[in-house]
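# Coordinates in review
This is what each chain is made of:
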Amino acid sequence: MTDATVLSAGMRYRQRMVRRALFVAMAVVLVLIAICIDLGVGPGRYGPGEVIRALLFPDTVEPKLAIIVRDVRLPVAVMAVLIGAMLGIAGAQMQTILHNPLADPFTLGLSSAASFGAALAISLGVGLMPVAGSFFIAANAFLFALTTSIILFFFTRMRGVTIETFVLVGIALFFTFNAALAFIQYQSSEAQLQQIVFWMMGSLARASWTKIAICAALLALVVPLARFRGPMMTALSLGDDRAASMGVPVARLRLEMLVSISLLAATATAFVGTIGFVGLVGPHIARLLVGEDQKHFLPVSAAAGAIILSVASTLSKAITPGVIYPIGIITALVGVPFFLSLVLSIRKESWR
Amino acid sequence: MTMEIRDLQFGYGRRSLFDRLTIPSLRPGELVALVGPNGVGKSSLFRLIAGLLRPQAGDILLGGESALQLPHQSRAKRIFLLTQQSGFRAALPVFEAVLLSLRGWQGGRATHADVARVENMLDALGISSLSDAPANELSGGQQQLVAMAQALVRDPQVLLLDEPTSALDLRRQIEVMQLVRDTARNRNIVVVAALHDLGLAARFADRFLLLENGIVAADGTPEAVLRDAATGRVYGVEIDIARTNRGTLIVDAHLV
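We now turn to the structure provided with this report. (Residues numbered from 1 in each chain as written. Chains lettered and ligands numbered in written order. Predicted model: local features only at pLDDT ≥ 70, side-chain atom pairs only at ≥ 80, totals over all residues. Heavy atoms only, no water.)

### Some details on the packing of aromatic side chains
All names here are of chain A. Per the stated rule, a full pass over the model turns up seven aromatic pairs over all chains. Taken together, a centroid distance of 5.6 Å and an interplanar angle of 45 degrees make the contact between F116 and F177 tilted. Of this pair, F116 sits in helix α5 (residues 110-124) while F177 sits in helix α7 (residues 163-187), placing them 61 residues apart in sequence. Comparing F116 with F177, the two get one shared label, buried. Judged by centre distance (6.3 Å) and plane angle (85 degrees), the ring pair of F144 and F177 falls under edge-to-face. Of the two residues, F144 sits in helix α6 (residues 135-159) while F177 sits in helix α7, which places them 33 residues apart along the sequence. In this structure an aromatic cluster arises from ring pairing among F116, F144 and F177. (Phe/Tyr/Trp six-rings, centres within 6.5 Å; stacked < 30°, edge-to-face > 60°. Helix = DSSP H or I, 4+ residues; strand = E, 2+ residues; numbered from the N terminus. Buried < 20%, exposed > 50% of the residue type's maximum accessible area, 1.4 Å probe, protein only.)

Written out as structure tokens, the structure reads:
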């Protein structure tokens, strides 16, 4: 504390920026560690040393190990991290544009629409996009999730891009699709019903390199935009009027971010099902650690989401040997204790 | 740069607020007090000038150029509105909130000059000790000072202040108004402040603009406007003014 009184406000600001940058770096390291652990766990456990060797020098380990780590587990582990990051970013953006820390990527009815789309594909075999095979259900889920955003988009254009419009239309969509989903479930056969319920629980078992490439491409599109709009989003987080006086085109920024959130959440949901909690809590962890300047808030939200999902992926294999639980069940179970311990252990930065 | 408002037309829905409102030459270096009762349209006028609302007709001229034609961002660089919105939403340290206002959307690291300017601004407003505090955790008055720092640090050509002292204590009110008046003079910018405290307004403003039913009902020096029968009528009170030994105007009002 004596240091703080000697240093000028500007120096303390610089220190704060360095400290936050360290947090970001640490978060990235933790993500890598989480991936290594995830790769080592399953039927047949491997130490981090073996995993890293299998990854970097596959010729130096037994072929079986190389195949398990690189071909079987790596897609799932990478997918967990990418989806976690996508949900973390989408959650952070949603909380910022709605000025509400209780918002998550699915607040505005996206997940129920995606579930409805998936259920439609599973139960009736109705697909709205001509895609074959494994992408059939995913494409339908994606399409419906995106439809909600488009409806939301047009309603808000008509009635003014305010938080009230977003939330009211979002609630309406949420209940509409939930009702439609229930309707389909009621009509389905037992086998179909089971498939729908499993789909909604979320699973990383559907990971593949194609899906990973799509997720990575989406992130490559969204992250630069988010960085570019970072200062504007930070200004928006201070309040609509304040941001508008500073020259932020508030309505356009909201709609831009809505597009970003929709693409992220719709893709994530389409590929792995509805995974709640990550998009809500990732940003909260980031806020506790680095505050709300988007420059650090966003990367740490992404990393927190990635870590939660990666650990959940590890545990989903470790709880019962030979069984992989749906990750959607595990996520909250893993995340809550971690989150609560963080809330209790981090004292607010003393500034007086 | 002189600002002028010409034939401004605006209303909410069917209710017309301004019908051909004209305010001739708001000169730089002058502190103008915008006065009038609640709901007369002071905040709406500010929002129209700053571009948070669009007028249905008329024009706002800045140095002879139409401000309405400017893109929102460059308009916000020249005209800054300190809104009445109370409270910051996000947990952003005060220093960073002010720095954000100064730097806008430029990427990269803040320069030493930027940092020094923010430090000086916090100093000038007496809130250096709050620089690390999250803006949303401060008291109402402290937040108002932070918002004032955000406004002054930007160095705009036109500064619109909507009730800038409503949450401040007696001493801070005087300090802030003094700083605002000095800024108007030293930087030679147009400053318009909406104020309900007519005594405070009379003490610091160079000119009073009284709004009534969408028009300017009186325009002149504080004393002239306060003595004008229109002022009492608009507020629905009887106004007495007097001068203290130090020459300060005091305003006394009675219900009629």
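### Quick word on the packing of helix α2 (residues 9-40) of chain A against helix α14 (residues 294-318) of chain A
Residue and element names in this part refer to chain A. With their axes 9 Å apart at the nearest point, α2 and α14 run at an angle of 20 degrees to one another. Put simply, α2 runs roughly parallel to α14. With respect to the hand of their crossing, α2 and α14 are arranged in left-handed fashion. In this structure, α2 uses M17, R20, A21, V24, A27, L30, V31, A34, I35, I37 and D38 to contact α14, whose residues at the interface are K295, H296, P299, V300, A303, A306, I307, S310, S313, T314 and K317. Within the contact of α2 with α14, the residues separate by chemical class into 14 nonpolar, four polar and four charged. (Axes fitted to C-alpha atoms, helices over the stretch in contact; angles between N-to-C directions. Parallel < 35°, antiparallel > 145°, perpendicular 65-115°, else oblique. Left-handed = near helix turned anticlockwise from the far one by under 90°. Contact = heavy atoms within 4.5 Å. Nonpolar A, V, L, I, M, F, W, Y, C, P; charged D, E, K, R; others polar.)

### Examining the sheet that holds strand β3 (residues 31-35) of chain B
All names here are of chain B. One open sheet holds the six strands; their spatial order is β6-β7-β8-β3-β9-β10, and the pairing between them is mixed. What marks the edges here is a single partner per strand, and that holds for β6 (79-82) and β10 (215-220). Across the sheet, the axes of successive neighbouring strands diverge by a mean angle of 20 degrees, strand direction being ignored. Here five bridges tie strand β7 (residues 158-162) to strand β8 (residues 190-194), and the two strands are oriented parallel to one another. Of the residues in β8, the one forming a bridge with V158 is V190. The strands that helix α5 (residues 140-153) touches are β6 and β7; relative to β6, the one it contacts most, it runs at about 175 degrees. (Pairing = 2+ DSSP bridges.)

### Digging into the pairing of strand β11 (residues 237-243) of chain B
Residue and element names in this part refer to chain B. The pairing of β11 with strand β12 (residues 249-255) spans seven bridges and is antiparallel. From the neighbouring strand, A242 faces β12, where its bridge partner is I250. The turn linking β11 back onto β12 is made up of five residues, and G247 within it adopts a positive phi angle of 95 degrees.

### Some points on the pairing of strand β1 (residues 3-12) of chain B
The two faces of a sheet get side chains in turn, since along a regular strand they alternate between them. All names here are of chain B. With six bridges connecting them, β1 and strand β2 (residues 15-26) associate as antiparallel partners. Its bridge partner lying in β2, F10 is registered against F18. What sits between the antiparallel neighbours β1 and β2 is a turn of two residues, in which G13 has the positive phi angle 60 degrees. Both β1 and strand β4 (residues 57-62) contribute to a ladder of five bridges, which runs antiparallel. Opposite M3, over in β4, you have L62 as the bridge partner.

### Comments concerning the interface of chain B and chain A
Contacts between the two partners involve 41 residues from chain B, matched on the other side by 31 residues from chain A. When chain B packs against chain A, close to 3,300 Å² is buried across both sides, 55% of that on carbon and sulfur atoms. Our count for the contact surface shared by chain B and chain A stands at five salt bridges. At the surface where chain B touches chain A, the tally comes to 13 residue pairs in polar contact (both at pLDDT 80 or more). For the side of chain B that touches chain A, the secondary structure elements donating two or more residues are α2 (72-78), β6, α3 (94-103), α4 (112-124) and α5 of chain B. Looking at the side of chain B that touches chain A, the element that brings in the most residues is α3 of chain B, giving five residues. Looking at the side of chain B that touches chain A, its residues break down into 20 nonpolar, 13 polar and eight charged. (Buried area = accessible area lost by both parts, 1.4 Å probe. Salt bridge = Lys/Arg side-chain N within 4 Å of Asp/Glu carboxyl O. Polar contact = N/O pair within 3.5 Å; in protein donor to acceptor, adjacent residues only side chain to side chain.)

### Remarks on the nonpolar core
Grouped together as the largest cluster of nonpolar side chains are 191 residues, with contacts concentrated most on M79 and I83 of chain A together with L45, L160 and F208 of chain B. Not counting the four nearest positions on each side in its chain, I83 of chain A is found in contact with C215, A268, V272 and L309 of chain A. Counting residues in each nonpolar core, the second largest holds 18 residues, with A27, A66, A306 and I307 of chain A among its members. (Core = buried A, V, L, I, M, F, W, Y, C linked by side-chain atoms within 4.5 Å.)

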